Amino acid sequence: MEKRALEPEDYELIEIARGAIAPCYDGEGYHHTVGCALRCADGKIYRGVNVYSIHGTCAEPVAIGAAVMDGARDFDCIVAVRGGERGEIMPPCGNCRQILGDYMPDCWVIVEDEEGPCKVRAKELLPFPYRAEY
Ligand SMILES: [Zn+2]
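About the cut-offs
- Residues numbered from 1 in each chain as written.
- Predicted model: local features only at pLDDT ≥ 70, side-chain atom pairs only at ≥ 80, totals over all residues.
- Heavy atoms only, no water.
- Helix = DSSP H or I, 4+ residues; strand = E, 2+ residues; numbered from the N terminus.
- Rg over C-alpha atoms; globule rule 2.2 N^0.38 Å.
- Buried < 20%, exposed > 50% of the residue type's maximum accessible area, 1.4 Å probe, protein only.
- Areas by Shrake-Rupley, 256 points an atom, 1.4 Å probe, with all protein chains shown as cover.
- Lys, Arg positive; Asp, Glu negative; His and termini not counted.
- Charge placed at Lys NZ, Arg CZ, Asp CG, Glu CD.
- Donors = N, O, S within 2.8 Å, 3.2 Å for Na, K, Ca; no water.
- Salt bridge = Lys/Arg side-chain N within 4 Å of Asp/Glu carboxyl O.
- Arc of directions from axis to C-beta.
- Contact = heavy atoms within 4.5 Å.
- Core = buried A, V, L, I, M, F, W, Y, C linked by side-chain atoms within 4.5 Å.
- Pairing = 2+ DSSP bridges.
- Disulfide = S-S within 2.5 Å.

Draft legend 1. Summary view of the overall build of the protein. Looking only at helices and strands, the protein has three helices and seven strands in total. In sequence order, the secondary structure elements of the protein are arranged as β-α-β-β-α-β-β-α-β-β. What you see for the protein is a C-alpha radius of gyration of 14 Å, in line with the 14 Å of a compact globule of 134 residues. With respect to the three principal axes, the spread of C-alpha positions in the protein is 40 × 35 × 30 Å. When burial is assessed residue by residue, the protein has 40% of its 134 residues classed as buried. Surface summary for the protein: the accessible area is close to 7,900 Å², and the carbon and sulfur share equals 52%. Counting 14 positive and 23 negative side-chain charges, the protein places the centres of these two groups 2 Å from one another.

Draft legend 2. Quick peek at the coordination of the zinc ion. Around the zinc ion, the donor atoms from the protein are Cys-58 (SG), Cys-93 (SG) and Cys-96 (SG), and they sit 2.2 to 2.3 Å away. Given the relative accessible area of 1%, Cys-96 is considered buried.

Draft legend 3. View of the pattern of salt bridges. Applying the stated criterion across every chain, the model contains 14 salt bridges. Lys-3 is the salt-bridge partner of Asp-113, the closest N and O atoms lying 2.6 Å from each other. Here the residue Asp-113 occupies a position in strand 6 (residues 108-113), and Lys-3 occupies one in strand 1 (residues 3-4), the gap between them amounting to 110 residues. The exposure class assigned to Lys-3 is partly exposed, which follows from its relative accessible area of 39%. What you see here is one network of salt bridges that share partners, running through Glu-7, Glu-9, Asp-10, Arg-39, Asp-76 and Lys-119.

Draft legend 4. Focus on helix 2 (residues 59-69). Of the residues making up helix 2, those classed as buried are Ala-59, Glu-60, Ala-63, Ile-64 and Ala-67. Here the buried residues of helix 2 occupy an arc of 130 degrees about the axis, which is enough to place them on one side. Buried residues along helix 2 sit against strand 2 (34-40), strand 3 (45-49), strand 4 (75-82) and helix 3 (94-103). Phi turns positive one or two residues past the end of helix 2, at Gly-71, with a value near 90 degrees.

Draft legend 5. Representation of the nonpolar core within the structure. Ranked by size, the top nonpolar core spans 23 residues in total, and within it Leu-38, Phe-75, Ile-78, Leu-100, Met-104 and Val-109 carry the most contacts. Elements supplying a minimum of two residues to this core: strand 2, helix 2, strand 4, strand 6 and strand 7 (116-121). Those residues in contact with Ile-78 that sit more than four places away from it in its chain are Leu-13, Cys-36, Ala-37, Leu-38, Glu-60, Ile-64, Leu-100, Cys-107, Trp-108, Val-109 and Ile-110. Of all hydrophobic cores here, the second largest spans 13 residues; its members include Ile-14, Ala-17, Val-49 and Val-81.

Draft legend 6. Region of the structure containing the pairing of strand 3. Bridge count between strand 2 and strand 3: five bridges; the pairing is antiparallel. The residue bridging Cys-36 from the neighbouring strand is Gly-48, located in strand 3. The antiparallel hairpin formed by strand 2 and strand 3 contains four residues in its connecting segment, where Gly-43 sits at a positive phi of about 90 degrees.

Draft legend 7. How the structure looks around the state of the cysteines. Enumeration over the complete set of coordinates arrives at zero disulfides. With no disulfide of its own, Cys-107 has Cys-77 as its nearest cysteine by sulfur position, at a separation of 6.1 Å.

Draft legend 8. Fine view of the environment of Pro-91. Along the chain, Pro-91 turns up in the loop between strand 5 (89-90) and helix 3. It is 9.9 Å that separates the C-alpha atoms of Pro-91 and Asp-113, two residues lying 22 residues apart in sequence.

All quantities given are derived from atomic positions and should not be read as evidence of function.
Dropping the structure here:
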């Protein structure tokens with residue numbers, strides 16, 4: 001798996017994701033607990049927060065939807081963070097790994113391992129993904 005160190009703009013993206021969830025964070029009610037920031041190739045950034053329910057959605061698809069609605073199609077890097085004091089980096093859930101692999105296989109995804117934050121390609125986060133037959 002190709003793994004890269006974060007660049008200054010990636011640390012800025014993490015802070016933007018933290019800024020997305022900060023005013024919405026509802027730690028007690030669990031309606032909005034995760035923020036996301038998605039940077040496009042042109043540098044434009046879209047944000048999202050999760051919308052909790054039995055069939056609610058994660059923060060990543062909300063940010064992706066905002067970007068797509070704005071005509072964005074070339075995605076560079078995405079990160080999700082938990083709200084609250086620590087704002088730790090959240091790895092994408094299984095469903096989001098499928099979405100990221102479908103929509104933006106070459107997009108970088110900021111994750112964290114034992115060495116600290118790093119970024120990997122979306123397509124490498126979900127081996128043997130589901131492939132719909134058309
Ligand atoms: Zn998810």
